[in-house]
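Reading the structure
Here's the letter readout for the chains.
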Amino acid sequence: MLVHAIMTSPAIAVRPETSITDAAQTMLDNHVSGLPVVDAEGKLVGIVSEGDFIRRSELHTERKRSWLLELLTSPGTLAAEYVSTHGRTVEDVMTSDVVAVTTTTGLQDVVELMEKHHVKRLPVVSHGKLVGIISRSDLLKALVNALPTPVTDSRDQEIAAAIINELASQDWSRRGSIRVKVVDGVAELSGSIMDERERQAAKVAAENVSGVRAVFDNLVYIDPYIGVGIV
């Protein structure tokens, strides 16, 4: 799946000259924690997030250092921090080095970029101009749509056969003996397992079969050392 299939478009954006107050209020009004920043031509020039507003002189949350660290910190660093804690426009606090994706970027790459850069959203650009944004919530919506939806008119025997086939294809289920019975879409798992971790795996396998409405676990754990069943 590619970005264009799930991205939010158009994206809510602000300009570099937007005031800190207006940018913060836009985030609150739209229930978002970050905004792309674009110039007059719509070109992506930065991104601003809640994190850019947490160290502010108004909140008395400026960075505090010991006198020694303060002495060792360069004037340039101190000047940049002063701008970010006292600046009045988005341009003063935004991040200019933005990680962005295109409409044809795959979701695998999106997730890897989010994890690598510790971000919750990525601007989507085309020829340098902002065309949308993809966030964790967009990925969550895609997941919900991709998960199997129970089909009430599926025959119980077909559902049971699908569960059995899935279990048979997994190496972890071959050491035990798991039986499957389905009535009105409700799957009952019985028989034995040789490792407690197989219990949850078997339930997940059944839950992912189309038509399953619920799963009941009646599996018995067999201790591999003493050969005794433990309920």
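Here, the structure is the one placed above.
Here is what the cut-offs are and how they apply
- Residues numbered from 1 in each chain as written.
- Predicted model: local features only at pLDDT ≥ 70, side-chain atom pairs only at ≥ 80, totals over all residues.
- Heavy atoms only, no water.
- Helix = DSSP H or I, 4+ residues; strand = E, 2+ residues; numbered from the N terminus.
- Rg over C-alpha atoms; globule rule 2.2 N^0.38 Å.
- Buried < 20%, exposed > 50% of the residue type's maximum accessible area, 1.4 Å probe, protein only.
- Areas by Shrake-Rupley, 256 points an atom, 1.4 Å probe, with all protein chains shown as cover.
- Lys, Arg positive; Asp, Glu negative; His and termini not counted.
- Charge placed at Lys NZ, Arg CZ, Asp CG, Glu CD.
- Pairing = 2+ DSSP bridges.
- Right-handed = clockwise from strand over helix to strand, strands pointing away.
- Core = buried A, V, L, I, M, F, W, Y, C linked by side-chain atoms within 4.5 Å.
- Contact = heavy atoms within 4.5 Å.
- Salt bridge = Lys/Arg side-chain N within 4 Å of Asp/Glu carboxyl O.

Comments concerning the overall build of the protein chain
Scanning the protein chain for helices and strands turns up eight helices and nine strands. By the compact-globule yardstick of 17 Å for 231 residues, the protein chain is too spread out, its C-alpha radius of gyration being 27 Å. Principal-axis analysis of the C-alpha atoms places the extent of the protein chain at approximately 70 × 45 × 30 Å. Burial status across the protein chain gives 34% buried among its 231 residues. Split by element, the accessible area of the protein chain, about 14,300 Å² in all, is 55% carbon and sulfur. Side-chain charges in the protein chain split into 23 positive and 31 negative, and the spacing between the mean points of these groups amounts to 2 Å.

Structural notes on the pairing of strand β8 (residues 214-222)
Pairing between strand β7 (residues 186-193) and β8: eight bridges, direction parallel. Looking across to β8, one finds that Gly 191 is bridged to Leu 219. In this fold, β7 hands off to helix α8 (residues 197-207), which returns the chain to β8; that crossover is right-handed.

Some points on the nonpolar core
In globular proteins that are soluble, nonpolar side chains generally tend to be buried together. With 18 residues, the main nonpolar core has Ile 163, Leu 167, Val 180, Val 182 and Leu 189 as its most contacted residues. Elements that contribute at least two residues to this core include exactly α7 (156-168), β6 (177-183), β7, α8 and β8. The leading source of residues in this core is α7, at four residues. Once residues lying within four places of it in the same chain are set aside, the contact partners of Val 180 are Ala 160, Ile 163, Ile 164, Leu 167, Glu 188 and Leu 189. Formed by twelve residues, the second largest nonpolar core is a distinct cluster that contains Ile 6, Val 101, Val 110 and Leu 122.

Some points on the pairing of strand β2 (residues 44-49)
Bridge analysis of strand β1 (residues 34-38) against β2 gives five bridges, and the strand direction is antiparallel. Each residue of the ladder has a partner; that of Pro 36, found in β2, is Ile 47. In this structure, the hairpin formed by β1 and β2 is closed by a connection of five residues, where Gly 42 is found at a positive phi of approximately 85°.

Section: the pattern of salt bridges
Applying the stated rule across the entire model yields ten salt bridges. The partner of Arg 88 in a salt bridge is Glu 58, with the nearest N and O atoms 2.7 Å apart. Note that Arg 88 is positioned in the loop between α3 (75-86) and α4 (90-93) and Glu 58 in the loop between β2 and α2 (67-72), a separation of 30 residues in sequence. On the basis of relative accessible area, Glu 58 is assigned to the partly exposed category, the value being 41%. With a shortest N-O distance of 2.9 Å, Asp 195 and Arg 197 are connected by a salt bridge. Each of Arg 56, Glu 58 and Arg 88 takes part in salt bridges that share partners, so that together they form one network.

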